[in-house]
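# Structural characterization, general
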Amino acid sequence: ATRAKEELDRRGRGALNELIALFPGRLHVDVFTMAPPLPDARNCSPVLRALAALGSSCLPALAPLFQHPGAEIRFYATYLLSEMVDASALPYVAKALHDVEAAVRRVAVLVAGRFRELSEFAELIEELREELRSPDVNRCKVAMNALAALGDRETLPFLAPLLENRRGDLSEAA
């Protein structure tokens, strides 16, 4: 980790941009289609290893990857956050929980679990609970699934009104 940071300091910001341009790099393990348990993100490619070594300091450079049109890029960007358990990474995890691609949402839930010890994790849970009141059925379903996967038992009282929902798809999800 220290060697990667020293090399980045020596080569400057251009080195970080080069890593981002190669993202996620040549994969040793393709976890995009794997079922858990997954190997550590840093063990999937040399590029991911280097970025993991840099930690959350590389988040500004990673930020555009969360908007990338390719689901696999968004997946690995999200998965890499599991190596950067820091409050500054949590907004990216929250965004990934609502990704259009199911695989990205699934890995976001796995990654979110690593953030439990942070005080900001409670804010993420509260945001998801608020989304249970959303008129957007899909957003509500995503929040339900994330809260269930994260084992949030305090969500149960929020689900009672959804069980009575006249739209079958929402009550079925609850």
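Each remark here, short or long, concerns the structure printed above.
Residues numbered from 1 in each chain as written. Predicted model: local features only at pLDDT ≥ 70, side-chain atom pairs only at ≥ 80, totals over all residues. Heavy atoms only, no water.

### Notes on the overall build of the protein chain
The line we're drawing: For helices the rule is a DSSP run of H or I covering at least 4 residues; for strands it is a run of E covering at least 2, with both sets numbered from the N terminus onward. Only protein chains enter the accessibility calculation, which uses a 1.4 Å probe. A residue is then buried if its area is under 20% of the maximum for its type, exposed if over 50%, and partly exposed in between. In what follows, a contact means two residues having at least one pair of non-hydrogen atoms within 4.5 Å.
Across its full length, the protein chain holds 11 helices and 0 strands. Listed N to C, the secondary structure of the protein chain is α-α-α-α-α-α-α-α-α-α-α in terms of helices and strands. By the burial criterion, 44% of the 174 residues in the protein chain qualify as buried. Counting only contacts in the protein chain whose residues sit at least 6 apart along the sequence, the fraction spanning at least 24 positions is 63%.

### Some words on the nonpolar core
Within soluble globular proteins, side chains that are nonpolar generally end up buried alongside one another. The condition that has to hold: Put simply, buried Ala, Val, Leu, Ile, Met, Phe, Trp, Tyr and Cys residues joined by side-chain atoms within 4.5 Å make one nonpolar core.
The biggest cluster of nonpolar side chains holds 54 residues, and the ones touching the most others in it are F23, L51 and L62. The set of elements that each furnish at least two residues to this core consists of α2 (13–22), α3 (46–54), α4 (59–62), α5 (71–80), α6 (90–96), α7 (102–113), α8 (121–131) and α9 (137–149). It is α7 that contributes the most residues to this core, 7 residues altogether. Excluding residues within four positions of it along the chain, L62 makes contact with I20, F23, L51, L80 and M84.

### Some words on α5
Owing to its 3.6 residues per turn, the α-helix aligns residues three or four sequence positions apart on the same side. Of all the 10 residues making up α5, 9 are buried; the element is thus mostly covered by neighbouring parts of the structure. In this structure, the buried side of α5 is in contact with α3, α4, α6 and α7.

### Some remarks on the packing of α5 against α7
Threshold: Axes here mean lines fitted to C-alpha atoms, for a helix over just the part in contact, with angles spanning 0 to 180 degrees between N-to-C directions. Small angles under 35 degrees read as roughly parallel and large ones over 145 as roughly antiparallel, with 65 to 115 read as roughly perpendicular and the rest as oblique.
Close contact between α5 and α7 brings their axes to 9 Å; oriented N to C, the two are set at 0°. When the axis of α5 is compared with that of α7, the two are roughly parallel. From α5, A71, R74, F75, T78 and Y79 reach across to α7, where they touch A103, V104, V107, A108 and V111.

### Some words on the environment of D40
Note on placement: D40 falls in the loop between α2 and α3. Note: C-alpha distance between D40 and S82 (42 residues apart in sequence) is 8.0 Å. Apart from residues no more than four positions distant in its own chain, D40 is found in contact with Y79 and E83.

### Observations concerning the packing of aromatic side chains
Each aromatic ring pair is summarised here by two numbers: the centre-to-centre distance and the angle between the ring planes. Where we set the bar: The pairing test for Phe, Tyr and Trp rings, Trp by its six-membered ring, is centres within 6.5 Å, and the orientation test on the planes gives stacked under 30 degrees, edge-to-face over 60, and tilted for anything in between.
Scanning the entire structure with this criterion turns up 3 aromatic pairs. Their ring planes at 80° and their centres at 5.2 Å tell us that F75 and Y76 sit as a pair that is edge-to-face. The same class applies to F75 as to Y76, namely buried. Aromatic side chains F75 and Y79 sit 6.2 Å apart centroid to centroid with 40° between the ring planes, which places their arrangement in the tilted category. Linking F75 with Y79, this pair stays in helix α5, spanning 4 residues, or about one helical turn. Given the relative accessible area of 3%, F75 is considered buried. Ring pairs connect the aromatic residues F75, Y76 and Y79, which therefore count as one cluster.

### Some points on unusual backbone geometry
F23 connects to P24 through a cis peptide bond whose omega is -5°. In this fold, P24 is placed in the loop between α2 and α3.

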